[in-house]
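# Observations on the model geometry
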Amino acid sequence: MTAQYQAHGSVAVITLNNPPVNGMNLETRGAAVDGINRALADDAITAIIITGAGNAFSGGADIKEFNSPKSLAEPNLHTLIDVVENCTKPVIAAIHHVCMGGGLELSLGCHYRISTPDAQIALPEVKLGLLPGAGGTQRLPRAVGLEIALKMITTGTPERASDLAKTALFDEIIDGDFFAGALAFAQKVAATRPLPKVRDQNVSHSHFSDVIEHAKKQAKRGFLIAPLDCIEAVSASVTMPFDEGILFERQLFYTLVAGAESKALRHAFFAERAASKIPDVPADTPIRAIKSAAVIGAGTMGGGIAMNFANAGIPVKILETKEQALEKGLATIAKNYQNTRDKGKLGPEKCEQRIALISGTLDYADIANADIVIEAVFEDMGVKQSVFEQLDKVMKPGAILASNTSTLDLNQIASFTKRPEDVVGTHFFSPANVMKLLEIVRGKQTSREVLASAMALAKKLKKIGVVSGVCDGFIGNRMLEKYIQQAGFLLDEGCLPEQVDKAVEKLGFAMGPFRMGDLAGNDISYAIRKRRAIEKPDMVYSKTADKLCDLGRFGQKTGAGWYDYQPGDRTAHPSELVRQLIEQHSTEIGLTRRTISDQEIAERLIYALVNEAAFILEEGIAQRASDIDMVYLSGYGFPLHLGGPMLYADTIGLANVEKAIRHYAQGHYGNVWEVAPLLHSLASKGQGFNG
Ligand code: NAI
């Protein structure tokens, strides 16, 4: 049984009980229907309460039932809601903690809803590229009004029950003994007839067309269809009778479920969950408590990393070599918090509390007791060596020694200590206090306990942790190098930066490669190329990037890069000087410029990512294809509606991807393409990366 039935005097209480959040799977739905029927058959029962066990009313659909025929099997959610709504005895939803998706839709079918003040109320289906398909788009607007419903359904973000107290969603908000309050409420309404139904209400609204148009304008800023369909469905709650609106909602729902966008968003949802699992590190692996932290280096990354700890309530000490650098770093942190506070995103008290958790030092002795230390000094093996030798001397036994290196060999870094099993890579992305991705680099000797602890830390810092093996650039940057390489070749062969950027931005990329370079600073990749030139002298790349940097055009920070910038404005303006530089370079290397289609640009850039990813997967650097998708979705602005490079390639068909690569391999810079064996073998078997 996944819902319990209990009579409390004349009130029947049906308690949904399907941990962790009482997902509405087939058994739970069946047990709820049985409960209603049992209460109807018992003359002693005059009212029925539906509530949830543990810390949820209901989180909605059971994700274990996603994509399974069981989700539609009878009694499905529609049937359960009909049974509840048509029940001849009053049904009261007693809501606490979490009431989302199908859970909220069920409660909207009840005659009354009461709640604790702090319950989280949401219809989050849009986040999976769907809309609430069990009446949510028709009943919620009738309960809370058009504007609130539109906001909740198109964004999927939760509202506190107390913030909705003034709407018709709740009949009572109960502060205090909730169960006693629920029983008293049920007894109070037991004899009231007719039974109120949300479906019989009119939607309260004003300026209907303006509100809908405004919502559409907001939704069109993204690349997603689902928010627009949500708006269509919600408007039907005003323009159509209830039963027609329900049918319209259902049609839209089925179209979305079958579409590529929802497939991609659901893939991303499961990919995030899968990323937290490491096959040879069981879930019960002991983890080390992290109650204090230290960061070495107060630069761009060190400051952001320290803010992560403070935001999670963990005290953190930053160590620098010089007072001036330390002061500068701490001042930047304070300024960042001040900006957040000025934007109203953080209250003054919280802001002060967080700043107070961050302190600075010049002395290693002060950090010796930290549970974890993250090194974020210059990207130079010599500097890393001196830091890790020092850490090995001073840090307490059991401390986790982490490096934020973005390209260097973690195994070599670990070898500078006598405890390589305690060394792990924590590769944050810039700005470190904002970006969700955290690549967790597993060294040859990193212990399972340390790895599990780093994954748990990612969760605590509200990051998406993805495990990567050791290689130059790890998962994300190693793939990016091939993408940037193609972007450079496209310039040599006939494109300008703005054409390349637009070709991928129109697919939904947050930023094309050249706008990204200008934002990150072209000097950073310049420095990496100089190092690589020594390590890999036969490396081929477009020299336009070096020529750009020789002119001091490092990007936004110097007011000029691939584009021109006006002071204080991040808008990228195509540059005449850059055009000349690029065209002249083509002439110098004897290349006749040609017109290149947007399709070729997008394919060369994305397939460069995909092909390198196939090597990464085959080498075991990434654990699974969906981890690679997660890296690109959460760290590189890859369009969510395409589901990441691997799912995108699967959607195109790997045989088509291979064919295109072999075609580009005939081009001017064709010899850089080498079809990854894994890509070839999957393509020839008609399979995809994700199965
Ligand atoms: P940065 O140059 O902004 O900061 C480095 C800081 O380390 C400076 O404040 C410097 O004074 C300090 N430092 C240098 N040697 C030190 C030592 N021996 N002891 C203590 N402090 C020392 O560099 P950034 O950008 O913060 O990079 C740091 C690390 O993070 C590098 O390994 C880099 O590859 C990596 N990284 C950088 C990203 C970025 O976008 N900037 C992204 C991800 C990783």
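All values reported here derive from a predicted model rather than from experimental measurement.

## Describing the overall build of the chain
- On a plain count of helices and strands, the chain comes out with 27 helices and 19 strands.
- In terms of overall size, the chain behaves like a compact globule, its C-alpha atoms giving a radius of gyration of 28 Å where 691 residues would be expected to give roughly 26 Å.
- For the chain, the proportion of its 691 residues judged to be buried stands at 55%.
- Sequence separation of at least 24 residues holds for 73% of the intrachain contacts in the chain that already meet a minimum separation of 6.
- Surface exposure of the chain reaches about 29,900 Å², of which carbon and sulfur atoms provide 54%.
- Both charge centroids of the chain, one from 72 positive and one from 79 negative side chains, sit 1 Å from each other.

## Description of the domain arrangement of the chain
- Domain boundaries assigned for the chain yield domain 1 (3-258), domain 2 (293-470) and domain 3 (476-685).
- Centre-to-centre, using C-alpha coordinates, domain 1 lies 43 Å away from domain 2.

## Points about helix α8 (residues 226-239)
- Look at α8: 20 Å from first C-alpha to last across 14 residues, which is about the 20 Å you get at 1.5 Å a residue.
- Of all 14 residues in α8, 10 are buried, a share of seventy percent or more.
- Residues of α8 that are buried: Ala-226, Pro-227, Asp-229, Cys-230, Ile-231, Ala-233, Val-234, Ser-235, Ala-236 and Ser-237.
- At its buried positions, α8 is contacted by α4 (136-144), α5 (146-155), α7 (208-220), α9 (242-258) and α10 (260-275).

## Focus on the side chain of Gln-486
- Here Gln-486 lies in helix α17 (residues 474-493).
- Ignoring anything within four residues of it in the chain, the contact list for Gln-486 reads Arg-604, Leu-605, Ala-608, Val-672 and Trp-673.

## Quick word on unusual backbone geometry
- Residue Pro-194 is reached from Arg-193 by a cis peptide bond, and omega for that bond is -5°.
- Considering the arrangement of structural elements, one finds Pro-194 in the loop between α6 (178-189) and α7.
- A cis amide bond, omega -5°, links Ser-430 with the succeeding residue Pro-431.
- You can see Pro-431 is positioned in the loop between β15 (423-428) and β16 (437-441).
- For Asn-22, which is not glycine, the phi dihedral falls at a positive 55°.

## Re the site of the ligand
- Near the ligand you find 23 residues, and of these Met-301, Glu-320, Glu-379, Lys-384 and Ser-406 are the closest.
- Thr-300 places a polar main-chain atom, nitrogen or oxygen, 3.0 Å from an oxygen atom of the ligand.
- Separating an oxygen atom of the ligand from a side-chain N or O atom of Lys-384 is a distance of 2.6 Å.
- About the coverage of the ligand: the protein hides 79% of its 830 Å² of free accessible area.
- Sorting the residues of the shell around the ligand by element identifies α11 (300-311), α14 (381-394) and β15 as the ones contributing at least two each.
- If one sorts the elements of the shell around the ligand by residue count, α14 sits on top with 3 residues.
- Grouping the amino acids of the shell around the ligand by side-chain chemistry returns 11 nonpolar, 9 polar and 3 charged.

## Considering the sheet that holds strand β10 (residues 293-296)
- The mixed open sheet is built from 8 strands, whose spatial order is β12-β11-β10-β13-β14-β15-β16-β17. Strand pairing shows two members of the sheet lacking a second neighbour, β12 (358-361) and β17 (464-468), which therefore form its edges. Going from strand to strand, the sheet's axes swing by 25° on average, the running direction of each strand aside.
- As defined by bridge partners, strand β14 (residues 400-403) adjoins β15 across 3 bridges and the pair is classed as parallel. Paired with Ala-402 across the two strands is Val-424, which belongs to β15.

## So, the pairing of strand β13 (residues 372-375)
- Where burial is concerned, the two faces of β13 agree: the one with Ile-372 and Ile-374 and the one with Val-373 and Glu-375 are both buried.
- Sheet analysis places β10 next to β13, joined by 4 bridges and oriented parallel. Counterpart to Ala-294 in the pairing with β13 is Val-373.
- Both β13 and β14 contribute to a ladder of 4 bridges, which runs parallel. By the bridge assignment, Ile-372 is partnered in β14 with Ile-400.
- The β-α-β motif built from β13, the intervening α14 and the parallel element β14 has right-handed crossover chirality.

## Comments concerning the packing of aromatic side chains
- For the structure on display, the rule yields 9 aromatic pairs.
- Note on Tyr-112 and Phe-185: the rings are 5.5 Å apart at their centroids and 75° apart in plane angle, and the pair reads as edge-to-face. Placement of Tyr-112 in strand β6 (residues 112-115) and of Phe-185 in helix α6 is noted, with a sequence separation of 73 residues between them. In this structure, Tyr-112 and Phe-185 share a single accessibility class: buried.
- Relative to Phe-270, the ring of Phe-269 lies with its centre 5.3 Å away and its plane at 85°, an arrangement referred to as edge-to-face.
- Residue Phe-270 is classed as partly exposed on the basis of its relative accessible area, which comes to 29%.
- Here a set of aromatic residues connected by ring pairs shows up, and it is made of Phe-429, Tyr-632 and Tyr-636.
- Against the face of Tyr-526 rests Lys-530, its NZ or CZ located 4.2 Å from the ring centre.

Definitions and limits used
- Residues numbered from 1 in each chain as written.
- Predicted model: local features only at pLDDT ≥ 70, side-chain atom pairs only at ≥ 80, totals over all residues.
- Heavy atoms only, no water.
- Helix = DSSP H or I, 4+ residues; strand = E, 2+ residues; numbered from the N terminus.
- Rg over C-alpha atoms; globule rule 2.2 N^0.38 Å.
- Buried < 20%, exposed > 50% of the residue type's maximum accessible area, 1.4 Å probe, protein only.
- Contact = heavy atoms within 4.5 Å.
- Areas by Shrake-Rupley, 256 points an atom, 1.4 Å probe, with all protein chains shown as cover.
- Lys, Arg positive; Asp, Glu negative; His and termini not counted.
- Charge placed at Lys NZ, Arg CZ, Asp CG, Glu CD.
- Domains from an automatic or database assignment.
- Expected span 1.5 Å × (residues − 1).
- Near = heavy atom within 4 Å.
- Polar contact = N/O pair within 3.5 Å; in protein donor to acceptor, adjacent residues only side chain to side chain.
- Nonpolar A, V, L, I, M, F, W, Y, C, P; charged D, E, K, R; others polar.
- Pairing = 2+ DSSP bridges.
- Axes fitted to C-alpha atoms, helices over the stretch in contact; angles between N-to-C directions.
- Right-handed = clockwise from strand over helix to strand, strands pointing away.
- Phe/Tyr/Trp six-rings, centres within 6.5 Å; stacked < 30°, edge-to-face > 60°.
- Lys NZ or Arg CZ within 6 Å of the ring centre and 35° of its normal.

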